[in-house]
There are 2 protein chains.
Amino acid sequence: MLRLTQSEENYLKAIFTLSQDTEGAISTNDLAEKMLTKASSVTDMLKKLCEKELLEYQKYQGCALTNSGKAHALAIIRKHRLWETFLVDKLNFGWDEVHEIAEQLEHIQSTELTDRLDEFLGFPKVDPHGEPIPGKDGRIESVSNRILLSESLVGMKAIVMGVEDDQTEFLQYLNKIGLHLGTPIDIADKLSFDGSVLVNMNGKQVQFSITIAKQISIKPL
Amino acid sequence: MLRLTQSEENYLKAIFTLSQDTEGAISTNDLAEKMLTKASSVTDMLKKLCEKELLEYQKYQGCALTNSGKAHALAIIRKHRLWETFLVDKLNFGWDEVHEIAEQLEHIQSTELTDRLDEFLGFPKVDPHGEPIPGKDGRIESVSNRILLSESLVGMKAIVMGVEDDQTEFLQYLNKIGLHLGTPIDIADKLSFDGSVLVNMNGKQVQFSITIAKQISIKPL
DNA sequence: AACTTTTTTTAGACTAGTCTAAAAATTAGA
DNA sequence: TCTAATTTTTAGACTAGTCTAAAAAAAGTT
Ligand SMILES: [Mn+2]
Ligand SMILES: [Mn+2]
Ligand SMILES: [Mn+2]
Ligand SMILES: [Mn+2]
């Protein structure tokens, strides 16, 4: 099996994630933004990953993962989410404290370790942020009926199913207002001029900006 | 706190380990051998680590860790041994399967993670190979009355307390002959011309070469 | 003390990953 | 469709870590 550096793995993961909500190829600039790096660095890396047949890349045309590239990305995501689950379930970290550590742990090379960790955790289906954990075979069980809070309709009742995991302050804010996975919410109103969502939860009303509302996924009841 | 690369950390650990059974400075060549690298590479790294005040180094004089360097080395060793303990105690790996994985895990940066892992494991005193685990403060509890099997005397009765951890085949061999931590042994004879040690254990007699006998530590009864 | 061998350092080169600045290609607009 | 703005690539430089080959220093030997 092809041996990858941490940097290569981080690129693959980023491309995979961007591909999730983009049809067609991923642009150099979008990837540079995601990776907090410069477009010229991205171009260099794309050439290398293309050489290793992890993605397809043609000058000025952006890139798209091959099946091999996707498999690698999913393996890294699997490890990331399993380790986050370990940190929260076994070591009692908060969901706002685990992403950075998992960014490191996801690069540990040992399939045996990953699979035993999975077993030790009882084969969890989702991580502490509600994201599905890919299985040993790389398959993600589709999460049913989820929509973004930003796409909800006034009057809906729903359950919080997932949140973005990579901003500590955002997660701490959710802690403060008492929003967790499983929290029931009512969509009270939406402000047409800025996209804010007014939500009733835990007996009080909270207003979420469109930015926040895009980072919370819910299951309408 | 000073941020170190994996390579720098591996050098510090190697220097610390070599210092354990060497008085005075560590030579460039010895370190190169330990690190499986070339003397010229070692010289470059020594300059860098000296610059960071992790060790003292003068041309042609070898090197010695400063207190800061020692503290860093002990922190890495602490993580290595805690992770090995986790792998064996919680994930049911064999003692022959964990060293390589721990070589990676020891570089994960998070004091909070290390300390919570320590607690999760019940504050173990020794790792799966019998090596003492440094505490949060970097102190190693001295392991009492241990000697190397190679230094034992004929007629001694003893208990196996520790083994070298870094050669998979060696540990598999010990598994095969049924030698574990806690195994009681009798020193039946020593061959003066090659240093071999004849040991009675588990009802049969085994002969250990001097090389092997130096990699097993025992506590005489 | 002089010569030889060993150890250690230096010099120069290479790869991986990143950057800035400039050139080239693509896309958008009039 | 021609020009302007944007995106992407190239060129060249830098750091970290490694290597080989050669020079310099230290240690060993007559
Ligand atoms: Mn995460
Ligand atoms: Mn990462
Ligand atoms: Mn080990
Ligand atoms: Mn290591």
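Criteria and cut-off values
- Residues numbered from 1 in each chain as written.
- Chains lettered and ligands numbered in written order.
- Predicted model: local features only at pLDDT ≥ 70, side-chain atom pairs only at ≥ 80, totals over all residues.
- Heavy atoms only, no water.
- UniProt positions renumbered as here; feature names shortened; annotations may be inferred.
- Donors = N, O, S within 2.8 Å, 3.2 Å for Na, K, Ca; no water.
- Helix = DSSP H or I, 4+ residues; strand = E, 2+ residues; numbered from the N terminus.
- Buried < 20%, exposed > 50% of the residue type's maximum accessible area, 1.4 Å probe, protein only.
- Pairing = 2+ DSSP bridges.
- Contact = heavy atoms within 4.5 Å.
- Axes fitted to C-alpha atoms, helices over the stretch in contact; angles between N-to-C directions.

In the nomenclature of an unreviewed UniProt entry, chain A is known as Transcriptional regulator MntR of Fluviicola chungangensis. In its Sequence similarities (unreviewed entry) section, UniProt records this for chain A: "Belongs to the DtxR/MntR family."

A closer look at the coordination of the manganese ion (ligand 4)
All names here are of chain B. Coordination of the manganese ion (ligand 4) by the protein is provided by Asn10 (OD1), Glu103 (O), Glu103 (OE), Glu106 (OE) and His107 (NE2), with metal-donor distances spanning 2.1 to 2.6 Å. Going along the chain, you hit the donors of the manganese ion (ligand 4) in the pattern N-x92-E-x2-E-H. Taken together, the residues Asn10 in helix H1 (residues 6–20) and His107 in the loop between helix H5 (99–105) and helix H6 (111–120) connect sequence positions 97 residues apart. The exposure class assigned to Asn10 is partly exposed, which follows from its relative accessible area of 21%. His107 gets classed as buried once you look at its relative accessible area, which sits at 5%.

Let's talk about the sheet that holds strand E3 (residues 147–148) of chain A
All names here are of chain A. Pairing is antiparallel in the open sheet, where six strands are placed in the order E3-E8-E4-E5-E6-E7. Each end of this open sheet is capped by a strand with a single partner; those strands are E3 and strand E7 (204–208). Against the sheet, helix H7 (residues 168–177) engages strand E4 (157–163), strand E6 (197–201), E7 and strand E8 (216–220), with an angle of about 160° to E7.

So, the coordination of the manganese ion (ligand 2)
Taken together, the protein donors to the manganese ion (ligand 2) comprise Asn10 of chain A (OD1), Glu103 of chain A (O), Glu103 of chain A (OE), Glu106 of chain A (OE) and His107 of chain A (NE2), at separations of 2.1 to 2.6 Å. On the primary sequence, the residues serving as donors to the manganese ion (ligand 2) are separated as N-x92-E-x2-E-H.

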